[in-house]
Amino acid sequence: MDESKPRITKAVPRERAFYFFTSIGNYTGKSAASLEEFLEKIKEVSAKSLEFHFYRGDFEKWFIEVLQDEELAEEFKKLYTLNLFGETLRDQLCHVVSVHLKRLTEI
Amino acid sequence: MDVEKLIIKEEKVQRLRIRGNNTFNLDSIDLKILEALQEDARQTYTTMGKRLGIAHSTVYDRIKKMENYGIIKKYMALIDCEKAGAKHIIAIMTIYTDPKESEKVAEKLCACTQVLEVYTSLSEELQIIAKVVAESQESLHEFIANSIAPLPGVLRIRTSIVTKKFKENQPIIINNYRNLTVAKENGDKGNKV
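What you see is a predicted model, and the numbers here were worked out from it, not measured in a lab.

Participant: I keep staring at the interface of chain A and chain B and nothing clicks. Help me out?
Facilitator: Interfaces are often described in size by the accessible area the parts lose on coming together. Facing 13 residues of chain A, the contacting portion of chain B comprises 16 residues. Across the chain A-chain B interface, the total number found is 2 salt bridges. Taken together, the links from chain A to chain B amount to 6 residue pairs in polar contact (both at pLDDT 80 or more). For the side of chain A that touches chain B, the secondary-structure elements that each account for two or more residues are β1 (18–23), β2 (26–32) and α2 (47–56) of chain A.

Participant: Even after reading the chapter, I still don't get the packing of aromatic side chains, so can you show me in this structure?
Facilitator: By the definition in use, this model includes 20 aromatic pairs over all chains. Geometrically, the ring pair formed by Tyr19 of chain A and Tyr27 of chain A is edge-to-face, given 5.7 Å between the ring centres and 65° between the ring planes. The interplanar angle of 40° and the centroid separation of 5.5 Å between the aromatic rings of Phe21 of chain A and Tyr27 of chain A together place this pair among those described as tilted. The rings of Phe18, Phe20, Phe38, Phe54, Tyr55, Phe59, Trp62, Phe63, Phe76, Tyr80 and Phe85 of chain A are connected pair by pair, giving a single aromatic cluster. Across from the ring centre of Tyr96 of chain B, 4.1 Å away, lies the NZ or CZ of Arg156 of chain B, which sits over that ring.

Participant: Honestly, the pattern of salt bridges in this entry has me stumped. Any pointers?
Facilitator: Between side chains of opposite charge, a pair can form when the charged atoms approach closely. Residues and elements named next belong to chain A. Evaluation of the coordinates by the stated rule reveals 15 salt bridges over all chains. Across the pair Lys30 and Glu44 runs a salt bridge, and its minimum N-O distance is 3.6 Å. Taken together, the positions of Lys30 in strand β2 and Glu44 in helix α1 (residues 35–44) put the pair 14 residues apart, joining distant regions of the chain. Among the salt bridges present, the one from Glu75 reaches Lys78, with a minimum N-O distance of 3.3 Å. You can see Glu75 and its partner Lys78 sitting in helix α4 (residues 70–79), 3 residues apart, about one turn around the helix. Glu75 sits in the partly exposed class, given a relative accessible area of 27%. Residues participating in the shared-partner salt-bridge network are Arg14, Glu37 and Lys41.

The rules behind the values
Residues numbered from 1 in each chain as written. Chains lettered and ligands numbered in written order. Predicted model: local features only at pLDDT ≥ 70, side-chain atom pairs only at ≥ 80, totals over all residues. Heavy atoms only, no water. Contact = heavy atoms within 4.5 Å. Salt bridge = Lys/Arg side-chain N within 4 Å of Asp/Glu carboxyl O. Polar contact = N/O pair within 3.5 Å; in protein donor to acceptor, adjacent residues only side chain to side chain. Helix = DSSP H or I, 4+ residues; strand = E, 2+ residues; numbered from the N terminus. Phe/Tyr/Trp six-rings, centres within 6.5 Å; stacked < 30°, edge-to-face > 60°. Lys NZ or Arg CZ within 6 Å of the ring centre and 35° of its normal. Buried < 20%, exposed > 50% of the residue type's maximum accessible area, 1.4 Å probe, protein only.

Honestly, that's just the spatial picture; any functional story needs more than this.
Structural data, given as structure tokens:
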């Protein structure tokens, strides 16, 4: 683990990673153990998986409980009102995470 | 002969058999006893003996032998959970695994109380099939996401939630008893029956 990185951008142990599902119990085989990896994976996984987790609040829960990143969780919450689905949702999530990540790494 | 002597005699016989030969063939009487037990495991040796036309002591001897060899694993009640008021869901999980890790994944699954049955299957890829019980869909998802998906070697998981049960029974033993050989083992691993 790289000590020079801010806490939020560090990798977490594999058992605390985010595991992408498409529905209850259906695991895609993709997981992310850091915010950087999370950004990579949300570009790859199916839109169905993004919709499943986004509207269950799984992403926010992971940001808060594992990454301890309340700010990003708040950014995601703001997207709820836009009622996004499919590739539009993916684009928005990628945009929010990449802007946030850029800001964090510049600190 | 009283029961105590009979048990001692049986134990001696078992020890000799186990020392001399690790396997034995089930004959038609053993199979009939197993079938009778699968229908009703609480019937007496006498009732079973009368039905099968053999002495109750023969029934006793055969059952003890099969218990000692692990052919009869245990006696348990088949409970109708709906009538018992237990609210839960059952799901069938198909776990695609890296072949190098599949044994370990199966062992981990066996150690989970939520997992009722675990099997391996080979079609295009190596799969582990497991029957799981959970309180709700949410707890099922939590269990799979937190305990199964992170296991090394798990490639992906498909889960089907059971919506209606049409039949549930213990498998009836096959009748081709001539080909049926069972090895004496302590665990549950791979009895080829």
